[in-house]
Amino acid sequence: SAVISQKPSRDICQRGTSLTIQCQVDSQVTMMFWYRQQPGQSLTLIATANQGSEATYESGFVIDKFPISRPNLTFSTLTVSNMSPEDSSIYLCSAGGSGLGSGNTIYFGEGSWLTVV
Amino acid sequence: RKEVEQDPGPFNVPEGATVAFNCTYSNSASQSFFWYRQDCRKEPKLLMSVYSSGNEDGRFTAQLNRASQYISLLIRDSKLSDSATYLCVVSSSGNTPLVFGKGTRLSVIA
């Protein structure tokens, strides 16, 4: 398994501001993903963070709102831009693929709990 | 139709009971199947992968029926510590992200 560190672990943010979440994996991984889990809901994929190229966004998520960086095989960031209360959620970084050994299994960071006021 | 659908729950069972969760998936090209466990205000953690032949890990047994596109998880001799939300998860290939069901909440009571 992998150790995935996310920070901040939680934050309270003002409406209209932006926050960048960092994700560090303790081994080189091919795949990194960003998920969102709103209260009482399941995990929704925001985007796949590709090393050396633009992130691939899912329907309903756009780069201007959720810019992502993936500068190397162990690190990624997600920015939540121009936040509104609807962005209050847990944001989860995950990693999988080669480097973690076991097929399609992915592992999660502990999540970043954002509250927008 | 949602990609992954689960029993809505919640399941409230006494200690020692056997409980089963069901899950169906819509994408017939799905290749990988998992059960994750998520405790309250925590990240999901892998409980077990699900193989075509079925697999068992202690008190937990997972089954896959590809023809019916159906996955199950059986928990025997429930413990208080089994209380959590159980997420059914599928993926179509090694390089595609996982798709999560909404989860089934289990509460084991003394």
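The model shown is predicted, which means the values in this text are computed figures rather than measured ones.

Caption draft 1: A look at the packing of aromatic side chains. Scanning the entire structure with this criterion turns up 11 aromatic pairs over all chains. Between Phe 108 of chain A and Phe 100 of chain B, the ring centres sit 5.7 Å apart and the planes meet at 65°, which makes this aromatic pair edge-to-face. With one member in each of two chains, Phe 108 of chain A in strand S10 (residues 106-108) and Phe 100 of chain B in strand S10 (residues 99-100) form a pair that bridges those chains. For Phe 100 of chain B, a relative accessible area of 7% corresponds to the buried category. Both rings, one in Phe 11 of chain B and one in Phe 21 of chain B, keep their centres 5.2 Å apart while their planes meet at 80°; by these two values the pair is edge-to-face.

Caption draft 2: Broad picture of the sheet that holds strand S8 (residues 75-80) of chain A. All names here are of chain A. The strand order across the open sheet formed by four strands is S1-S3-S8-S7, and the pairing between neighbours is antiparallel. Every interior strand has two partners, whereas the edge strands, strand S1 (4-7) and strand S7 (68-72), have only one. Averaged over all adjacent pairs, the angle separating strand axes in this sheet is 15°, with direction ignored.

Caption draft 3: Quick look at the interface of chain B and chain A. On the side of chain A, 19 residues touch chain B, which itself brings 21 residues to the contact. Together chain B and chain A conceal approximately 1600 Å² of surface at their shared face, both sides included; 57% is due to carbon and sulfur atoms. At the junction of chain B with chain A, the criterion picks out zero salt bridges. On inspection of chain B and its partner chain A, the count reaches three residue pairs in polar contact (both at pLDDT 80 or more). When residues of the side of chain B that touches chain A are traced back to their parent elements, those giving at least two are strand S4 (32-38), strand S5 (45-49) and strand S9 (84-91) of chain B. Sorting elements by how many residues they give to the side of chain B that touches chain A places S4 of chain B first, with four residues. Among the residues making up the side of chain B that touches chain A, the classes are represented as eight nonpolar, nine polar and four charged.

Caption draft 4: Representation of unusual backbone geometry within the structure. The residue after Lys 7 of chain A, namely Pro 8 of chain A, is reached through a cis peptide bond having omega 5°. Residue placement: Pro 8 of chain A occurs in the loop between S1 and strand S2 (10-13). Phi is positive for Asn 82 of chain A, close to 45°, though the residue is something other than glycine. Here Asn 82 of chain A is to be found in the loop between S8 and strand S9 (89-96). Assessed through its relative accessible area of 54%, Asn 82 of chain A is described here as exposed. If you check the backbone angles, Gln 69 of chain B has positive phi at about 55° while not being a glycine. If you trace the backbone, Gln 69 of chain B turns up in the loop between strand S7 (60-65) and strand S8 (70-75).

Conventions used here
- Residues numbered from 1 in each chain as written.
- Chains lettered and ligands numbered in written order.
- Predicted model: local features only at pLDDT ≥ 70, side-chain atom pairs only at ≥ 80, totals over all residues.
- Heavy atoms only, no water.
- Phe/Tyr/Trp six-rings, centres within 6.5 Å; stacked < 30°, edge-to-face > 60°.
- Helix = DSSP H or I, 4+ residues; strand = E, 2+ residues; numbered from the N terminus.
- Buried < 20%, exposed > 50% of the residue type's maximum accessible area, 1.4 Å probe, protein only.
- Pairing = 2+ DSSP bridges.
- Axes fitted to C-alpha atoms, helices over the stretch in contact; angles between N-to-C directions.
- Contact = heavy atoms within 4.5 Å.
- Buried area = accessible area lost by both parts, 1.4 Å probe.
- Salt bridge = Lys/Arg side-chain N within 4 Å of Asp/Glu carboxyl O.
- Polar contact = N/O pair within 3.5 Å; in protein donor to acceptor, adjacent residues only side chain to side chain.
- Nonpolar A, V, L, I, M, F, W, Y, C, P; charged D, E, K, R; others polar.

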